[in-house]
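Chains, contacts and geometry: an overview
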Amino acid sequence: FYYDASPAHAPSERDRKKMIDVPERVSVAFGLLVDEGVLDRCRLCKARSATDEELLRAHRPEHLAQVGERSSQRRAANGNVYYSPDADRSARMACGAVVDATLRALQGGPSRAFALVRPPGHHAGRDGFAGDFAEGGCFYNSVAVAAACARAAGVSRVAIIDWDVHHGNGTQEIFYADASVLFVSIHADLYPGTGAIGETGEADTPARGRNVNLMWPDPLRHPPASDAEYLAAVELLVLPILRAFAPGLLLVSSGFDAARGEAFRVGLEPQTFGRMMAALISGIPPAVPVIAALEGGYNPTSVAACSSAVLRALLGDPVPAAPATCLKVRCEKALLHAVGVHQRAWAPHLCEAFVAEQLAKLRRCVAENESDVLGHERKRRKL
């Protein structure tokens, strides 16, 4: 377990209303995890700074230069990034923690790890946008850098699963033409506006099909995806592809901003993140390392509860089964669309007809359970 709150990297009091990546989202969560006792079962490791050599495996030299320069000047580059004198150091520490966990695992150390660190990273790409390399509160893409370092260390295939409520556009950009990295993102139709289901990897190259997006409808305009939708997506879309890809390393961009208590109106239960992590672990051989890193998640209590659920899954604790629930119509259509787009690349492991059949079985199961409940209630009233 890695922890680094980087308290010196914080917005001014004036900026706190619009800049939600504050130290407390991690430090308060860490305190709650200590009180809960789950950290007593973890090996606490000290974060270290990512080196230029490591960062340059995923980012350009001018990216590093810009972040360093703007950190020293403490000036906002755009509306969703703030710079402090400690921004560059903090981002390097967050990135270094994920890289260190990855390399330790590959060298025979703990094969499962969680990094409760900030700032997040998955919006930071290779080319930048409108002259800015930092984006969405992200300076360096910790998970992408860790994946690139793993590839340099000899891992032939790396899988990245991103369940942050926002699309990991930076990770997608970095690996869009790289067939050795599988990137799967389950996100809502929110910022940054990327991550359409049709974005599948560089056309006419082996990377086609290695970029998998499942975009749920905008939760601010439509009924949001819930626990049932996320669990169905993992079971019916992610796991078949993950098993077929057979990675030598699994990295998880574990954003918790789709959780209950966050501002984005999705409202997943903390246990859903534990169930998703347990499902991913079940889909790969036990020897494959699993490294998870915090991305979004801005309610400290929610971050703590979700982190606890993920940590327990990483530790191998049993996860209670989720109740059977039908998927919302728009979300079911999105899931079937994603399966249909990718079934050719991943056949016979992925099949739209099979997924449709499983969803129909789920609807029948829920209907039968509801009928049984109504029947028992009628009998109770007669008595």
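Above this text sits the structure in question.
Right, let's walk through the structure included here. Note that the structure is a prediction, hence the values are computed from the model and not measured.

Moving on, we come to the packing of aromatic side chains. Counted under the stated rule, the structure contains nine aromatic pairs. Ring centres of F1 and F114 lie 6.1 Å apart, and the angle between their planes is 20°; this geometry places the pair in the stacked category. Of this pair, F1 sits in the segment before β1 (2-4) while F114 is found in strand β2 (residues 112-117), placing the two residues 113 residues apart along the sequence. Residue classification places F1 among the buried residues on the basis of a relative accessible area of 6%. Residue classification places F114 among the buried residues on the basis of a relative accessible area of 1%. A centroid spacing of 6.5 Å and a plane angle of 75° characterise the contact between F245 and W346, whose relative ring orientation is edge-to-face.

With an omega of 0°, the peptide bond running from R118 to P119 counts as cis. With respect to the helices, strands and loops of the structure, P119 is situated in the loop between β2 and α5 (142-152). That bond from A347 to P348 is cis: its omega, 5°, falls within 30 degrees of zero. Here the phi dihedral of A130 falls at roughly 55°; this positive angle occurs in a residue that is not glycine.

Within the open sheet, the seven strands sit side by side as β1-β2-β7-β6-β3-β4-β5. Their pairing is parallel. Sheet topology places β1 and β5 (211-216) at the edges, where each strand pairs with a single neighbour. Taken over all neighbouring pairs, the strand axes of this sheet differ in orientation by 10° on average, direction set aside. Sheet topology places strand β4 (residues 181-188) next to β5; six bridges connect them, and they run parallel. Looking at the pairing, F183 lines up with N211 of β5. Helix α9 (residues 300-314) rests against β2, β6 (249-254) and β7 (290-294) of the sheet, and its axis sits at about 165° to β2.

Criteria and thresholds
- Residues numbered from 1 in each chain as written.
- Predicted model: local features only at pLDDT ≥ 70, side-chain atom pairs only at ≥ 80, totals over all residues.
- Heavy atoms only, no water.
- Phe/Tyr/Trp six-rings, centres within 6.5 Å; stacked < 30°, edge-to-face > 60°.
- Helix = DSSP H or I, 4+ residues; strand = E, 2+ residues; numbered from the N terminus.
- Buried < 20%, exposed > 50% of the residue type's maximum accessible area, 1.4 Å probe, protein only.
- Pairing = 2+ DSSP bridges.
- Axes fitted to C-alpha atoms, helices over the stretch in contact; angles between N-to-C directions.
- Contact = heavy atoms within 4.5 Å.

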